[in-house]
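Letter by letter, the chains look like this.
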Amino acid sequence: MEWIELVIKIGALISAAALIWKGVTILIHIADDMRETKEYVAANIKNVESIPTIERHCLENYLTGLRLTIMNKDMPIGERIAAGTAYIKLGGNGAVKQYLINELHINEVQKDLEE
């Protein structure tokens with residue numbers, strides 16, 4: 001019976017050692033993942049600084065699409081006026097705004113819509 005108890009104790013020690021080894025390897029992997037994440041964020045922090053530039057480019061692209069809609073005579077007049085309203089609200093200015101005022105009479109349309 002003594003040898004069975006010895007086998008059980010040896011098995012318990014091996015199991016405990018395996019459990020400790022697994023816990024250590026998990027902690028090492030977590031620390032390694034945290035280090036990699038920190039390095040990734042540090043390397044890509046410059047992308048965060050470019051967000052205002054990306055937003056400005058998106059607005060410029062949207063305004064360009066609105067300008068194309070406004071100036072395209074094949075588009076329905078309602079869509080052109082809706083695009084013109086959005087264009088002016090977003091700060092669109094210049095020749096397209098003058099075209100909206102002089103040719104599409106957007107100021108008169110907006111007054112009619114408000115009433």
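Residues numbered from 1 in each chain as written. Predicted model: local features only at pLDDT ≥ 70, side-chain atom pairs only at ≥ 80, totals over all residues. Heavy atoms only, no water.

**Points about a nonpolar patch on the surface**
Right, on to step 1. On the surface, Trp3, Ile4, Val7 and Ile8 cluster together into a nonpolar patch covering about 450 Å² of accessible area.
Right, on to step 2. For Trp3, the location among the structural elements is in helix α1 (residues 2-49). (Patch = residues over 30% accessible without salt bridge, like charges linked within 9 Å, V, L, I, M, F, W, Y side chains within 5 Å. Areas by Shrake-Rupley, 256 points an atom, 1.4 Å probe, with all protein chains shown as cover. Salt bridge = Lys/Arg side-chain N within 4 Å of Asp/Glu carboxyl O. Helix = DSSP H or I, 4+ residues; strand = E, 2+ residues; numbered from the N terminus.)

**A look at the packing of helix α2 (residues 51-71) against helix α4 (residues 95-102)**
Right, on to step 1. With their axes 11 Å apart at the nearest point, α2 and α4 run at an angle of 35° to one another. Crossing handedness for the pair α2 and α4: left-handed. In this structure, α2 uses Arg67, Ile70 and Met71 to contact α4, whose residues at the interface are Val96, Tyr99 and Leu100.
Right, on to step 2. The class makeup of the residues in the contact of α2 with α4 is 5 nonpolar, no polar and 1 charged. (Axes fitted to C-alpha atoms, helices over the stretch in contact; angles between N-to-C directions. Left-handed = near helix turned anticlockwise from the far one by under 90°. Contact = heavy atoms within 4.5 Å. Nonpolar A, V, L, I, M, F, W, Y, C, P; charged D, E, K, R; others polar.)

**Some points on the pattern of salt bridges**
Right, on to step 1. Per the stated rule, a full pass over the model turns up 3 salt bridges.
Right, on to step 2. The salt bridge partner of Glu39 is Arg35, with a shortest N-O separation of 3.0 Å. Within this pair, Glu39 and its partner Arg35 are both found in helix α1, separated by 4 residues, close to a single helical turn.
Right, on to step 3. Each of Asp32, Arg35 and Glu39 takes part in a single network of salt bridges with overlapping partners.

**Notes on unusual backbone geometry**
Right, on to step 1. Phi is positive for His105, which is not a glycine, with a value near 50°.
Right, on to step 2. For His105, the location among the structural elements is in the loop between α4 and α5 (106-114).
Right, on to step 3. The partly exposed category is assigned to His105, whose relative accessible area is 37%. (Buried < 20%, exposed > 50% of the residue type's maximum accessible area, 1.4 Å probe, protein only.)

**Observations regarding the side chain of Thr85**
Right, on to step 1. Looking at the secondary structure, you find Thr85 in helix α3 (residues 77-89).
Right, on to step 2. Relative accessible area serves as the criterion here: at 18%, Thr85 is assigned to the buried category.
Right, on to step 3. Among residues more than four places away in sequence, those in contact with Thr85 are Ile106 and Gln110.

**Here we look at α3**
Right, on to step 1. For α3, which comprises 13 residues, the first-to-last C-alpha distance of 18 Å matches the rise-based estimate of 18 Å (1.5 Å per residue) to within 8%.
Right, on to step 2. Among all positions in α3, only Arg80, Ile81, Ala83, Gly84, Thr85 and Tyr87 are buried.
Right, on to step 3. After α3 finishes, the residue Gly91 shows a positive phi value of roughly 95°. (Expected span 1.5 Å × (residues − 1).)

**Side note on α2**
Right, on to step 1. End to end, α2 covers 30 Å across 21 residues, agreeing with the expected 30 Å (1.5 Å per residue, within 8%).
Right, on to step 2. For α2, the complete set of buried residues consists of Leu63, Leu66 and Ile70. Within α2, the buried residues cover an arc of 60° as seen down the axis, which keeps them to one side. Looking at α2, the residues exposed on the side facing more than 90 degrees away from the buried face are Asn61 and Leu68.
Right, on to step 3. Contacts from the buried residues of α2 go to α3 and α4. (Arc of directions from axis to C-beta.)

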